[in-house]
Amino acid sequence: MKKIYACFTTDTIHEGHLNIIRTAQQYGEVIAGILSDAAMLRYNQFPTCTFEERMELFRQTEGISEVIVQNDVLYDDVLDAVHPDYVIHGDNWKEGPMQKIREHVAERLAEWGGEIIDVPYTDSEQVRRIEKQIRQKLAMPEYRRKRLRQLIEIRGVVKAIEVHSGLTGLIAEKTIVEHNGEFDQFDAMWISSLCDSTVKGKPDIELVDMTSRFRTIEDVMEVTTKPIIFDGDSGGLPEHFVYTVRSLERMGVSAVIIEDKIGLKKNSLFGTEVKQTQDTIEHFCEKIAAGKKVQLTHSFMIIARIESLILEQGMEDALQRAFAYRAAGADGIMIHSRKKEPDEVFEFCDRFRQQDSTTPLVVVPTTYNTVTEQELHAHGVNVVIYANHLTRSAFPAMEQTAQQILMYHRAKEADANLMPIREILTLIDEL
Ligand code: SPV
Ligand code: MG
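This text gives an overview of the structure that appears in the document.

Conventions used here
- Residues numbered from 1 in each chain as written.
- Chains lettered and ligands numbered in written order.
- Predicted model: local features only at pLDDT ≥ 70, side-chain atom pairs only at ≥ 80, totals over all residues.
- Heavy atoms only, no water.
- Donors = N, O, S within 2.8 Å, 3.2 Å for Na, K, Ca; no water.
- Helix = DSSP H or I, 4+ residues; strand = E, 2+ residues; numbered from the N terminus.
- Buried < 20%, exposed > 50% of the residue type's maximum accessible area, 1.4 Å probe, protein only.
- Core = buried A, V, L, I, M, F, W, Y, C linked by side-chain atoms within 4.5 Å.
- Contact = heavy atoms within 4.5 Å.
- Expected span 1.5 Å × (residues − 1).
- Arc of directions from axis to C-beta.
- Axes fitted to C-alpha atoms, helices over the stretch in contact; angles between N-to-C directions.
- Parallel < 35°, antiparallel > 145°, perpendicular 65-115°, else oblique.
- Left-handed = near helix turned anticlockwise from the far one by under 90°.
- Nonpolar A, V, L, I, M, F, W, Y, C, P; charged D, E, K, R; others polar.

1. Describing the coordination of the magnesium ion (ligand 2)
The protein atoms donating to the magnesium ion (ligand 2) are S193 (OG) and D231 (OD), with metal-donor distances spanning 2.1 to 2.2 Å. Placement of S193 in helix α9 (residues 193-198) and of D231 in strand β10 (residues 228-231) is noted, with a sequence separation of 38 residues between them. Taken as a pair, S193 and D231 share a single burial class, namely buried.

Take a look at the structure:
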């Protein structure tokens, strides 16, 4: 009896999957591989039910003789274990980033004379609707909110990119790259106060009010499914912060980060060049505790951001604050730095980790940008935020286009830098 292998990355079985299973049965004994949660995440698909439930779904499906775990998107682990005569898949993997997976599987199968069977993709109204529904479920507050905690647990290091609109949200949602046989994408989105203010032409001084900041969150949420980390600035008065926590939690935001500053807030990257005042430990702890007290779910996170290194108050102060904020209930600690090298961040993380191996650590490597995520992770960092990069890359590109049009009194010269009209027309899918 020949062995035919199919990998499934789904929470529901529809006509398209049944078609693959039926076709597979004609070739031999069908083994179904269920992609592990960790591998699903790498692959831009977040399960909406447990791994065990996904396995059970296929055990209950007629025509499948065995259900196994697949831990690697490139199939290596299952190919080594099963040595199938055939691997079957919808022919949609002949295009886009999945092509690389197909090529890799074909090469491996060739080692023992195995073959790929491409089944025409079932492009029916019903399949499209079900697939859309699964994706949209992930955008619901109860699914989205808990994803950050899940990612911190499953992923070595969680990567977040700054977003400030539906369009930048789509970039964070959809950008996926293949590099050296690995797929990668952003795990989460950061709604930066700097960028949310800058795109409105305002300074980053807590001037853009919460109603407007929430509107940005809504715009992003409407078109994405990934978890959101919200830059809550100083959090304001504790009496106001509790309302912010409730609203963010209800919307499905996963975490708010508040910084231990008081009075007129200025952007941290100014450091000591401008007047900025750090809050007292006691007062900031009260704010954290007040927020934790009103929180209704376990999944929402309040992350305390320490400005001691920014304000040159020293490492001991930073560490003392970290442990005090954690004791007040903070679910994570963000350590900020404006140095060109990551040394002080490494030292903080190493010393924090000597006493606390679990509380998530968050960093924003804007100035110390040569450090890699893996290096940070080796020092115990869990979340890396690229805090302003989409805004900073868009502005020079837009400015250059404006200058070119002014210079040549026509738009032709700017063409080389522009997205083709056809692409912008088809960029956004209709519901
Ligand atoms: C932001 O992105 O608004 C931040 C990070 O708070 S920083 O600009 O480095 O202060
Ligand atoms: Mg900010």
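2. Observations regarding the nonpolar core
Counting residues in hydrophobic clusters, the biggest one holds 53 residues, and the most contacted among them are I217, V253, Y325, I333, I335, F348 and L376. Considering each element in turn, this core owes the most residues, 6 residues, to helix α13 (residues 315-327). If near-sequence neighbours (up to four positions away) are discounted, I217 is found in contact with I191, I228, F230, L248, M251 and V253. Counting residues in hydrophobic clusters, the runner-up holds 22 residues, among them C7, L74, W93 and M98.

3. Here we look at helix α10 (residues 210-222)
An α-helical turn contains 3.6 residues, so any two residues separated by three or four positions project in the same direction. If you check α10, its first and last C-alpha atoms are 18 Å apart, about what 13 residues at 1.5 Å a residue would give, namely 18 Å. Regarding α10, the residues found buried are R213, F214, T216, I217, V220 and M221. Buried positions in α10, seen along its axis, are confined to an arc of 150° and lie on one side of it. Turned more than 90 degrees from where α10 packs its buried face, T211 and E222 sit exposed. Contacts from the buried residues of α10 go to α7 (141-154), α8 (166-174), β9 (188-191), α9, β10 and α11 (238-251).

4. Description of the environment of I262
Take I262: it is sitting in strand β12 (residues 261-262). Residues I262 and G232 lie 30 residues apart in sequence; the distance between their C-alpha atoms is 13 Å. Once residues within four sequence positions are removed from consideration, I262 is found in contact with T277, Q278, D279 and H283.

5. Digging into the packing of α13 against helix α14 (residues 343-355)
Taken N-terminus to C-terminus, the directions of α13 and α14 make an angle of 45°; their axes are 11 Å apart at the nearest point. Considering their axes alone, α13 and α14 lie oblique with respect to each other. As for the relative orientation of α13 and α14, their crossing is right-handed in sense. Two secondary-structure elements touch here, α13 through M315, E316, A318, L319, A322, F323 and R326 and α14 through E344, E347, F348, R351, F352 and Q355. A per-class count over the contact of α13 with α14 returns 7 nonpolar, 1 polar and 5 charged.

Any functional reading would require information beyond the geometric quantities listed.
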